[in-house]
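Chain by chain, the residues:
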Amino acid sequence: MIRGTSHDPQATVGDLTEPELIALIQGHLPPAADWMSIGIGDDAAVVVPEKNRLEVLSVDALVEGVHFDRAFTPPAAIGHRALAVNLSDLAAMGAEPRLCLLSLALPPAWPAQDFDAMIGGLAALAARYRVQVVGGNLTRSPGPLFIDVTVSGTVKRRQVLTRSGARPGDELYVTGSIGAAAAGLQMLKAGSALAGPESCVTRFLYPEPRVQTGKLLGRNRAAGACVDLSDGLADAIHRMAERSGVGAVIDADALPIEAAVREWFETRGADPIVAAITGGDDYELLFSVRPRTRGRLKAAMRHAETALTPIGVCTADRAVVLRGARAEDRPVPPGYSHFR
């Protein structure tokens, strides 16, 4: 049986009423937090603001056929990704996640068990970061599955991270490694996926937002600027450079690209560096550090959930280039774009 309903496991979304779908969602959620005055079940949620902290808001949509393919994306991964991409935005701002709203457009023929699993994936990630699901909207979709998530977090005024704080001479760092998610997506499409918690496929299906690192960088005031890598490192570098009015020299040989990722791209005739920095879906953080705040960064690194790698420097020259030991400088290519 599907939890929260009396329907059999063969039920589709179209077989259930809206209250039954809402019951499926509520079945995955913990009790409401003390600061939630009114949650799911009313026309709108009512929450108590956190004292002496700013609200940080972000929204992202996942559309079937654009951001995921149900042929090879498990329902739990769809839910996980829908929230993870938003938490990554909060991480880039140095914010503590607090709540989210869900807006779901559901194909009637979609199995109700898959809907339940998708909510389970989202709820599991929400529980890890103490994010409360406070409400949202359900509607029928005649076309693709559509998941729109709005998140809210909080941060102290002096700890907000932005894209515009980089200065010439700042060092550039990136969290974790890059390119694995892009390789994982290619593996899934090619039908050559390998299992395992650290596999490229897992990195694509279940990205880990760097919430802890983002908060540390903000609290320690270690970073001058920060941006997440949703559309790839190349895109993030260009966005930070543009907003900060700087250029950048990126050390191609310093980029944290795992051996398995390099091998995958090379066997397909692609430049592993270009493929890794333009592929997207990494959800790591790129941030700048002024030389005088290196001590603050060292303090943050002791508690970060992943490695932090220096990859370059900001320049007064507005050019954004890749520099390698065996080749001339070349422009950093643009990253992923939805409209190109």
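About the criteria used
- Residues numbered from 1 in each chain as written.
- Predicted model: local features only at pLDDT ≥ 70, side-chain atom pairs only at ≥ 80, totals over all residues.
- Heavy atoms only, no water.
- Helix = DSSP H or I, 4+ residues; strand = E, 2+ residues; numbered from the N terminus.
- Expected span 1.5 Å × (residues − 1).
- Buried < 20%, exposed > 50% of the residue type's maximum accessible area, 1.4 Å probe, protein only.
- Pairing = 2+ DSSP bridges.
- Right-handed = clockwise from strand over helix to strand, strands pointing away.
- Salt bridge = Lys/Arg side-chain N within 4 Å of Asp/Glu carboxyl O.
- Patch = residues over 30% accessible without salt bridge, like charges linked within 9 Å, V, L, I, M, F, W, Y side chains within 5 Å.
- Areas by Shrake-Rupley, 256 points an atom, 1.4 Å probe, with all protein chains shown as cover.
- Lys, Arg positive; Asp, Glu negative; His and termini not counted.
- Charge placed at Lys NZ, Arg CZ, Asp CG, Glu CD.
- Core = buried A, V, L, I, M, F, W, Y, C linked by side-chain atoms within 4.5 Å.
- Contact = heavy atoms within 4.5 Å.

J.: Just checking my understanding: could you explain helix H7 (residues 233-244) for this structure?
T.: Within an α-helix, residues lying three or four positions from one another point in the same direction, as the helix has 3.6 residues per turn. Compared with the 16 Å implied by 1.5 Å per residue over twelve residues, the 16 Å span of H7 between its first and last C-alpha is a close match. Within the sequence span of H7, burial applies to Leu233, Ala234, Asp235, Ala236, Ile237, Met240, Ala241 and Ser244. Of the residues flanking the end of H7, it is Gly245, one or two places downstream, whose phi is positive at about 70°.

J.: Teacher, can you tell me more about the pairing of strand S4 (residues 96-106) here?
T.: Two faces, one strand: in a regular strand the side chains alternate between the faces of the sheet. In terms of burial, S4 is a largely internal element, eight of the eleven residues being buried. Of the strand pairs in this sheet, S4 and strand S6 (residues 146-155) are connected by nine bridges, and their pairing is antiparallel. Within the sheet, the bridge partner assigned to Leu99 lies in S6 and is Ser152. As paired elements, S4 and strand S5 (residues 132-140) share eight bridges and run parallel to each other. Bridging from a neighbouring strand, Leu101 pairs with Gly135 of S5. With respect to chirality, the unit in which S4 leads through helix H3 (residues 112-128) into the neighbouring parallel S5 is right-handed.

J.: Help me understand the pattern of salt bridges, please; the structure alone is not making it clear to me.
T.: Pairing is possible between side chains of opposite charge, provided their charged atoms come close. Here the structure, examined in full by the defined rule, presents 14 salt bridges. The partner of Asp235 in a salt bridge is Arg239, and the shortest N-O contact between them spans 2.8 Å. With Asp235 and Arg239 both in helix H7 and four residues apart, this pair spans about one turn of that helix. Linked by salt bridges that have partners in common, Glu50, Arg53 and Arg98 make up one network.

J.: Mind showing me how you'd approach a positive patch on the surface here?
T.: Residues Arg158, Arg221, Arg292 and Arg296 make up a contiguous surface patch of positive charge. Examined against the element boundaries, Arg296 turns out to sit in helix H10 (residues 294-301). With relative accessibility at 37%, the residue Arg296 sits in the partly exposed group.

J.: I tried to follow the nonpolar core on my own but got confused; where do I start?
T.: Counting residues in each nonpolar core, the largest one holds 53 residues, and the members touching the most others are Leu83, Leu104, Leu106, Phe115, Met118, Val149 and Phe287. In terms of residue count, helix H2 (residues 75-92) provides more of this core than any other element does, nine residues in total. With near-sequence residues (within four places) excluded, Phe287 lies in contact with Glu171, Leu172, Tyr173, Thr175, Leu217, Ala223, Ala225, Cys226, Met240, Leu297 and Leu308. Among the nonpolar cores identified, the runner-up in size contains 43 residues, and Leu172, Phe265, Leu286 and Leu322 belong to it.

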